[in-house]
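Close look at the chain arrangement
One-letter residues, chain by chain:
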Amino acid sequence: MSSPSHSEQRLLEHFMMLSIITAFVTIGLKSYAAVLTGSVGFLSDALESGVNLVAAVVGLIALRIAARPADKNHHFGHGKAEYVSALVEGALIFVAAALIIYTSIQRLISPEPLEQLGIGLVLTTAASILNLLVGLALLRAGKRYRSATLSADGHHLLTDVWTTLGVLVGVAAVSLTGWNWLDPVIALAVGANILWTGYRLLRDALKNLLSASLPEDELVQLDEVLRAFSSHHGVVFSPPRTVESGRHRQIYVVMEVPQDWSVAQAHEVADRLEEDTNAVFPGAEVFIHVEPATQQQRGR
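The structure displayed is predicted, hence computed values, not measured ones.

Attention now goes to helix H4 (residues 117–145). Compared with the 42 Å implied by 1.5 Å per residue over 29 residues, the 41 Å span of H4 between its first and last C-alpha is a close match. Looking one or two places after H4, you find Arg 146, whose phi comes out positive at around 55°.

Right, here's the structure in full:
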């Protein structure tokens, strides 16, 4: 199992540190806005940023665990630690949503006037812009380096941006209309949106912990590699099996070769297949099982 390079690992950890710093700043801005205005909508937004902070810390730990090489107890490495991080983040989101919904119902029963909304709107807008920039950066890095942790954190930050936008529109509406009941209603909507985000994170993390195959587009690429190799070398492949494990990929291939080939010849061709596969999937661990072709396959 190939491990990420030291420079790549440091880069990914720097992205998570950026997420942690961003979470601290946005918590401060949103909490101050909530205190100044008395808005439960701003408070719900600050609570979600608190979840971002905990999730980023857990994500950083998961990245470091996932980078460990294979050992006697983990023969295929520790890549799935990143999915555990996503599970923790999803669970934390459910806790935050429960707090938001409880607080919102209390405020809906007993509405209170909001104060200094102008300053609150400015502070929360600044926090949202910061989350947007960092979230996009995390998504790009997560896709480039195949990191489930960075991708999950990036999606969460962008969800936070949409949440904040809804809160801003709602609180602005309260300021214009004087309808104080809108504030807890907005917070309830935020809580429902966060619940949906948590559900998706848990669903995707569980799917990958159960050894999901490579994404559909990568399976198509693998089929193209095998088809070209088969026609060039006169071998036959059974349908490949694949596993995605964080940043790591395992590919299992059964290659049927002519019965008159020697072991050395079959081994040489298998090495070429491994090279061709790694050219398309850098760092993937390729398992090739060689079998003699059946009578039916030889007659083709």
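Turning our attention to the nonpolar core. One finds Phe 42, Ile 93, Ile 100, Val 167, Val 171, Val 190 and Ile 194 to be the most contacted residues of the largest nonpolar core, which totals 24 residues. Considering every element that reaches this core, the biggest residue donor is helix H6 (residues 182–209), with 6 residues. With residues up to four places along the chain from it excluded, the contact list for Phe 42 reads Lys 30, Ala 33, Ala 34, Thr 37, Gly 120, Leu 121, Thr 124, Val 167, Leu 168 and Val 171.

Attention now goes to the environment of Val 286. Along the polypeptide, Val 286 turns up in strand S4 (residues 285–292). The exposure class assigned to Val 286 is buried, which follows from its relative accessible area of 10%. Sequence separation between Val 286 and Leu 273 is 13 residues; the distance between their C-alpha atoms is 9.0 Å. Each residue touching Val 286, except ones within four places of it in the same chain, is listed here: Ile 251, Glu 274, Thr 277 and Asn 278.

This part takes up the side chain of Ser 128. Here Ser 128 is to be found in helix H4. A relative accessible area of 9% means that Ser 128 is categorised as buried. Every residue in contact with Ser 128, bar those within four places of it in the chain, is listed here: Val 161 and Thr 164.

Viewed as axis vectors pointing N to C, H4 and helix H5 (residues 148–177) meet at an angle of 160°, and their least axial separation amounts to 7 Å. By the angle between their directions, the pair H4 and H5 is classed as roughly antiparallel. Read as a crossing pair, H4 and H5 show a hand that is left-handed. Here the residues of the contact of H4 with H5 are counted per class, giving 15 nonpolar, 11 polar and 3 charged.

This next bit is on helix H7 (residues 216–233). The terminal C-alpha atoms of H7 lie 26 Å apart, and with 18 residues this matches the ideal 26 Å at 1.5 Å per residue to within 8%. One or two residues past the end of H7 sits Gly 234, with phi positive at roughly 70°.

Rules behind the numbers
- Residues numbered from 1 in each chain as written.
- Predicted model: local features only at pLDDT ≥ 70, side-chain atom pairs only at ≥ 80, totals over all residues.
- Heavy atoms only, no water.
- Helix = DSSP H or I, 4+ residues; strand = E, 2+ residues; numbered from the N terminus.
- Expected span 1.5 Å × (residues − 1).
- Core = buried A, V, L, I, M, F, W, Y, C linked by side-chain atoms within 4.5 Å.
- Buried < 20%, exposed > 50% of the residue type's maximum accessible area, 1.4 Å probe, protein only.
- Contact = heavy atoms within 4.5 Å.
- Axes fitted to C-alpha atoms, helices over the stretch in contact; angles between N-to-C directions.
- Parallel < 35°, antiparallel > 145°, perpendicular 65-115°, else oblique.
- Left-handed = near helix turned anticlockwise from the far one by under 90°.
- Nonpolar A, V, L, I, M, F, W, Y, C, P; charged D, E, K, R; others polar.

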